[in-house]
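One-letter residues, chain by chain:
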Amino acid sequence: MPLTGLGGRLAIGYITDMDLKSKRVIALDEKVSARTYSPLPVVLTRGKGVYVFDAAGKRYFDMLSAYSALNQGHQHPKIVGAAKRQLSRIALTSRAFHNDQMGPFLEKLCRVTGKEMAVPMNSGAEAVETAIKTMRLWGYRVKGIPSDMAEIIVVADNFHGRTTTIVGFSSDPDARTDFGPAMPGFRVIPFDDAQALENAITENTCGFLVEPIQGEAGVRIPAPGYLTDVRRICTEKKVLFCADEIQTGFGRTGRPFCVDHDGVVPDLFVLGKALSGGLYPISAVVGDNKILGLFESGTHGSTFGGNPLASAIGAAAIDVVVKEKLAKNSAAMGELFLEKLISLDHPLIREVRGQGLLLALEFKKPIAKDFCKLLLKGGLLAKDTHDYTVRFSPPLIIKKSQLDAAFKIIAVAMNAIKERE
Ligand SMILES: *Cc1c(COP(=O)(O)O)cnc(C)c1O
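Computed from a predicted model, the values in this text were never measured in an experiment.

How each quantity is defined
Residues numbered from 1 in each chain as written. Predicted model: local features only at pLDDT ≥ 70, side-chain atom pairs only at ≥ 80, totals over all residues. Heavy atoms only, no water. Helix = DSSP H or I, 4+ residues; strand = E, 2+ residues; numbered from the N terminus. Rg over C-alpha atoms; globule rule 2.2 N^0.38 Å. Buried < 20%, exposed > 50% of the residue type's maximum accessible area, 1.4 Å probe, protein only. Contact = heavy atoms within 4.5 Å. Areas by Shrake-Rupley, 256 points an atom, 1.4 Å probe, with all protein chains shown as cover. Lys, Arg positive; Asp, Glu negative; His and termini not counted. Charge placed at Lys NZ, Arg CZ, Asp CG, Glu CD. Phe/Tyr/Trp six-rings, centres within 6.5 Å; stacked < 30°, edge-to-face > 60°. Lys NZ or Arg CZ within 6 Å of the ring centre and 35° of its normal. Core = buried A, V, L, I, M, F, W, Y, C linked by side-chain atoms within 4.5 Å. Domains from an automatic or database assignment. Salt bridge = Lys/Arg side-chain N within 4 Å of Asp/Glu carboxyl O. Pairing = 2+ DSSP bridges. pLDDT = per-residue confidence, 0-100. Near = heavy atom within 4 Å. Polar contact = N/O pair within 3.5 Å; in protein donor to acceptor, adjacent residues only side chain to side chain. Nonpolar A, V, L, I, M, F, W, Y, C, P; charged D, E, K, R; others polar.

A. Just the overall build of the protein chain, in detail. Along the backbone of the protein chain there are 14 helices and 15 strands. Taking 2.2 N^0.38 as the reference for a compact globule, 421 residues should give roughly 22 Å; the C-alpha atoms of the protein chain span a radius of gyration of 22 Å, in line with that estimate. Seen through its C-alpha atoms, the protein chain measures out along the principal axes to roughly 65 × 55 × 40 Å. Sorting the 421 residues of the protein chain into buried and exposed places 54% on the buried side. When contacts within the protein chain are restricted to residue pairs at least 6 apart in sequence, those whose partners lie at least 24 apart make up 72%. About 18,700 Å² of surface is accessible on the protein chain, with carbon and sulfur atoms providing 54% of the total. Taken together, the 52 basic and 45 acidic charged side chains of the protein chain have centroids lying 7 Å from each other.

Okay, here's the thing in structure tokens:
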């Protein structure tokens, strides 16, 4: 299989070492699915823990974990069990009635975040939209910003989802080009620049929305103390600090939440992905009553948000993170993984970086996708971001022996790259 020149679209004819069934699946996807992704040429049919399996039964390490939705690993028995139990009872009530699952779920969510209440939604983007509405509502009702003047500060290279409002303040041309007009009311400042935040705030600023580590931008980690400064500035200037921890939350970076590294508490958490352990789309905005209590009946909602099936799954997913001490394992395994990546020490590597089990290998040349194809051949799935960077984010349940085995695959791929360059 030639590893270069495949480009964004998959050229099926080039893949000779793939079974016919998988080729057919990929051909069908190419035909009936809008091409908003360019997946690696592998068809997955089963998952268990840190592994996934293709149609031919070949095993791979999953080092993407569905962008951190699978912190608890594939098919975690506790979460699957909770889902099955709830499926045999009731799945959806709508919020027109109470159900017996949502309260206990949100109570757990409040306990792990140290907050008072939550708005349950489904996708991450919906939770971000909910947070935007929350910050504006607070801006008008509490801060006294004149009607329709509220402004939210965001940072460059952000990733918060795919709705029209969210892509309108993205700085990625692929995300925003030809999807305008952009929603007004957002101001973009550089990441990891507290002074820029201070300068950008006006009397009409209601909130600051930021990822504590920029995952999609290629695992960009701010300097220690950045979030401490952000917290101080937001408090002083009466601006809500909203942390999008959809990717970094629930142990991914080696602490329960990424903001814990700086010991700060945002006004609002936006959560998703691992909130369900990968079984179901579940998201939420979490905060205190003085902010989220501003919503009144009829001002926000979601047909599926807070449904009993989602709630049972979410509660089990949080339990697993806490009881299996996933943040602690993420810190220990992350440190080991980072040491191993540093040991690769090759002139083609520009930088390796990581916090917990959110790590990145950045090349000096745009070979990230080729590298991922070598990893795939070796039995490891990882995803390139922005041509130069490969992100590694295995399930947080990974053991040392598994990490050792996975790293061997990475080292072999690195040698193969060396020979080609
Ligand atoms: C994935 C992600 C989102 C969007 O979540 P979806 O469920 O895909 O809508 C938002 N913010 C961050 C930081 C993410 O990683």
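Moving on from the model shown.
B. Expanded view of the packing of aromatic side chains. Counted according to the given criterion, the structure contains seven aromatic pairs. Relative to F269, the ring of F257 has its centre 5.0 Å away and its plane inclined at 45 degrees; by these criteria the two rings are tilted. Of the two residues, F257 sits in the loop between strand 8 (240–244) and strand 9 (268–271) while F269 sits in strand 9, which places them 12 residues apart along the sequence. Given a relative accessible area of 3%, F269 falls into the buried group. Here a set of aromatic residues connected by ring pairs shows up, and it is made of F250, F257 and F269. Over the aromatic face of F53 sits the side chain of R46, whose NZ or CZ is 4.1 Å from the ring centroid. Between R59 and the ring centre of Y51, over which it is positioned, the NZ or CZ distance is 3.9 Å.

C. Structural view of the nonpolar core. M63, L109, F208, F371, L380, F392 and I410 are the most contacted members of the largest nonpolar core, which totals 90 residues. In terms of residue count, helix 11 (residues 308–323) provides more of this core than any other element does, nine residues in total. Viewed by domain, this core spans two of them, domain 1 (6–72 + 328–416) and domain 2 (77–323), each represented by three or more residues. The next biggest cluster of nonpolar side chains, apart from the first, holds 29 residues, and it includes A127, I145, F169 and I246.

D. Expanded view of the pattern of salt bridges. One pass over the structure, following the stated rule, counts 14 salt bridges. One salt bridge in this structure joins D319 and K108, with 3.1 Å as the shortest N-O distance. Taken together, the positions of D319 in helix 11 and K108 in helix 4 (residues 102–113) put the pair 211 residues apart, joining distant regions of the chain. Where R141 meets E296, a salt bridge forms, and the shortest distance between an N and an O atom there is 3.4 Å. Here R141, found in helix 5 (residues 124–143), pairs with E296, found in the loop between helix 10 (289–292) and helix 11; they are 155 residues apart in sequence, far enough to count as distant. A cluster of three or more residues bridged by salt bridges with shared partners is formed by R350, E351, R353 and E362.

E. Geometry of the pairing of strand 12 (residues 358–363). With six of six residues buried, strand 12 is to be regarded as a mostly interior element. Of the two faces of strand 12, the one lined by L358, A360 and E362 and the one lined by L359, L361 and F363 are each fully buried. Pairing geometry for strand 11 (residues 349–355) and strand 12, over six bridges, is antiparallel. Bridge pairing in strand 12 places I349 opposite F363. Two successive antiparallel strands, strand 11 and strand 12, enclose a turn made up of two residues, where G356 displays a positive phi of approximately 60 degrees. Sheet analysis places strand 12 next to strand 15 (residues 389–392), joined by four bridges and oriented antiparallel.

F. Spatial organisation of the environment of S123. Looking at the element boundaries, S123 is found in the loop between strand 4 (117–121) and helix 5. Take S123: its relative accessible area is 30%, and that puts it in the partly exposed class. In sequence terms S123 and K273 are 150 residues apart; their C-alpha atoms lie 8.0 Å from each other.

G. A look at the confidence of the model for the protein chain. Scored by pLDDT, the protein chain has a mean of 95; 95% of the residues are at 70 or more. In this model residues 1–15 is a low-confidence stretch, pLDDT under 50, and it forms 28 contacts with partners more than four residues away in sequence or in other chains.

H. Here's a closer look at helix 3 (residues 77–87). I79, V80, G81, A82, A83 and Q86 are the residues of helix 3 that are buried. Tucked into the core, helix 3 has its buried residues touching helix 11.

I. Structural view of the site of the ligand. With respect to spatial proximity, the complete set of residues near the ligand consists of S123, G124, A125, F159, H160, G161, E211, D244, I246, Q247 and K273. At a separation of 2.8 Å, an oxygen atom of the ligand approaches a polar backbone atom of G124. Contact between the ligand and F159: a nitrogen atom at 3.3 Å from a main-chain N or O atom of the residue. Within the complex, 81% of the 380 Å² of free accessible area of the ligand lies under protein. Here the residues of the shell around the ligand sort into three nonpolar, five polar and three charged.

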